[in-house]
Amino acid sequence: MIVIPPSAEEVTGHAATMYDSDTQDDGFVFSHTQVMAINPEAHEAFERLIKAVVPSIGIGVYEAATLGAARAIGSSHCLLAHGRKALRAGVLDDDGLRAFARHDDSAFSEQERAVVRFAEQLSADAASMTDADSQALRDVGFTDRQIVDITLAAAARNFFSRALLALAVPIDVVPGVDPTTAAALTTSR
């Protein structure tokens, strides 16, 4: 990683909150948090975007969009972090998460599987998407607002994941993720 993150003694405001949150939850500050602390205003704006989309789609759909995008991009950072979030929220269990790493989405609901496919397409080749891609979301019951919010969730994951990859941010061990599951997620590209 070419950039030099601020130390815990240097951070203030939102950056200090970011560091404190990681330390309280996991006992250390994640590498991705340290990098984002270089521009805490951008991180805060990203968090506001996520908070604006989750209420209409719920945590399960949000995690499906996030994991689908992260898998398509090959972002081990986000696969691990959101794999843990999906586990904690009861969206998937370890078996389902390991299956997802093998490109088996059967542990997700029908709606969530449609979201995973949509997020992967957006992440792999958004320019080729047509109304048919959005129609697949409508066909499983999503409203216009939800379709927009699913799109924003997947696009936001592209922003965050690609930034971490471009900056060569080290991948941390994520507490609470079974080592076998973690290994599957980090090799699921």
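The sections below set out a description of the structure shown in this document. (Residues numbered from 1 in each chain as written. Predicted model: local features only at pLDDT ≥ 70, side-chain atom pairs only at ≥ 80, totals over all residues. Heavy atoms only, no water.)

## Considering the overall build of the chain
Next, step 1: Looking only at helices and strands, the chain has 9 helices and 0 strands in total.
Next, step 2: In the chain, the order of α-helices and β-strands from amino to carboxyl end is α-α-α-α-α-α-α-α-α.
Next, step 3: Computed over C-alpha atoms, the radius of gyration of the chain comes to 16 Å, within 12% of the 16 Å expected from 2.2 N^0.38 for 189 residues, which places it in the range of a compact globule.
Next, step 4: Once the C-alpha set of the chain is aligned to its principal axes, its extents read approximately 50 × 35 × 25 Å.
Next, step 5: Contacts spanning at least 24 positions in sequence make up 71% of the contacts within the chain whose residues lie at least 6 apart.
Next, step 6: Across the chain, 15 positive and 26 negative side-chain charges occur, with their mean positions spaced 3 Å apart. (Helix = DSSP H or I, 4+ residues; strand = E, 2+ residues; numbered from the N terminus. Rg over C-alpha atoms; globule rule 2.2 N^0.38 Å. Contact = heavy atoms within 4.5 Å. Lys, Arg positive; Asp, Glu negative; His and termini not counted. Charge placed at Lys NZ, Arg CZ, Asp CG, Glu CD.)

## Overview of the packing of helix α5 (residues 94-101) against helix α9 (residues 179-186)
Next, step 1: Two numbers describe how α5 lies on α9: the axes approach to 8 Å, and their chain directions differ by 20°. The orientation of α5 with respect to α9, classified from their angle, is roughly parallel. Along this stretch, α5 crosses α9, giving a crossing that reads as left-handed. Contact residues: D94, L97, R98, F100 and A101 in α5; T180, T181, A184 and L185 in α9.
Next, step 2: Counted by class, the contact of α5 with α9 contains 5 nonpolar, 2 polar and 2 charged residues. (Axes fitted to C-alpha atoms, helices over the stretch in contact; angles between N-to-C directions. Parallel < 35°, antiparallel > 145°, perpendicular 65-115°, else oblique. Left-handed = near helix turned anticlockwise from the far one by under 90°. Nonpolar A, V, L, I, M, F, W, Y, C, P; charged D, E, K, R; others polar.)

## Describing unusual backbone geometry
Next, step 1: Even without being glycine, H103 reaches a positive phi, approximately 70°.
Next, step 2: Following the sequence through the fold, H103 ends up in the loop between α5 and α6 (110-125).
Next, step 3: What makes H103 partly exposed here is its relative accessible area of 47%.
Next, step 4: Phi at A168 takes a positive value of approximately 55°, unusual for a residue other than glycine.
Next, step 5: Exposure remark for A168: the relative accessible area of 47% places this residue in the partly exposed category. (Buried < 20%, exposed > 50% of the residue type's maximum accessible area, 1.4 Å probe, protein only.)

## What to know about the packing of helix α3 (residues 40-73) against helix α8 (residues 144-166)
Next, step 1: Remark: α3 packs on α8, axes separated minimally by 6 Å, with the N-to-C direction vectors making an angle of 80°. On the basis of their axis angle, the class for α3 and α8 is roughly perpendicular.
Next, step 2: Tallied by class, the residues present in the contact of α3 with α8 amount to 20 nonpolar, 6 polar and 4 charged.

## Describing the pattern of salt bridges
Next, step 1: Evaluation of the coordinates by the stated rule reveals 7 salt bridges.
Next, step 2: Its salt-bridge partner being D144, residue R138 comes within 2.7 Å of it at the nearest N-O pair.
Next, step 3: Here R138 falls in the partly exposed class, since its relative accessible area comes to 39%.
Next, step 4: Between D149 and R145 there is a salt bridge, with its nearest N and O atoms 2.6 Å apart. Residue D149 and its partner R145 are both found in helix α8; the two are separated by 4 residues, about one turn of the helix.
Next, step 5: Classification of D149 as buried rests on a relative accessible area of 3%.
Next, step 6: Bridged by salt links that share partners, the residues R71, D105 and E120 form one connected network. (Salt bridge = Lys/Arg side-chain N within 4 Å of Asp/Glu carboxyl O.)

## Thoughts on a nonpolar patch on the surface
Next, step 1: The grouping of L49, V148 and L152 at the surface amounts to a nonpolar patch, some 210 Å² of accessible area in total.
Next, step 2: By relative accessible area, which is 31% here, L49 ends up partly exposed. (Patch = residues over 30% accessible without salt bridge, like charges linked within 9 Å, V, L, I, M, F, W, Y side chains within 5 Å. Areas by Shrake-Rupley, 256 points an atom, 1.4 Å probe, with all protein chains shown as cover.)

## Notes on the packing of aromatic side chains
Next, step 1: By the definition in use, this model includes 4 aromatic pairs.
Next, step 2: Arranged with centres 5.8 Å apart and planes meeting at 40°, the rings of F46 and F159 form a pair that is tilted. Here F159 lies in helix α8 and F46 lies in helix α3, a separation of 113 residues in the sequence.
Next, step 3: For F46, a relative accessible area of 9% translates into the label buried.
Next, step 4: Summarising the aromatic geometry, the rings of F46 and F160 are spaced 4.8 Å apart at their centres and angled 25° between planes, so their arrangement reads as stacked. On the criterion of sequence distance, the pair formed by F46 in helix α3 and F160 in helix α8 is long-range, its members being 114 residues apart.
Next, step 5: Of the residues examined, F160 reaches a relative accessible area of 8% and is grouped as buried. (Phe/Tyr/Trp six-rings, centres within 6.5 Å; stacked < 30°, edge-to-face > 60°.)

Nothing here speaks to function; it is geometry throughout.
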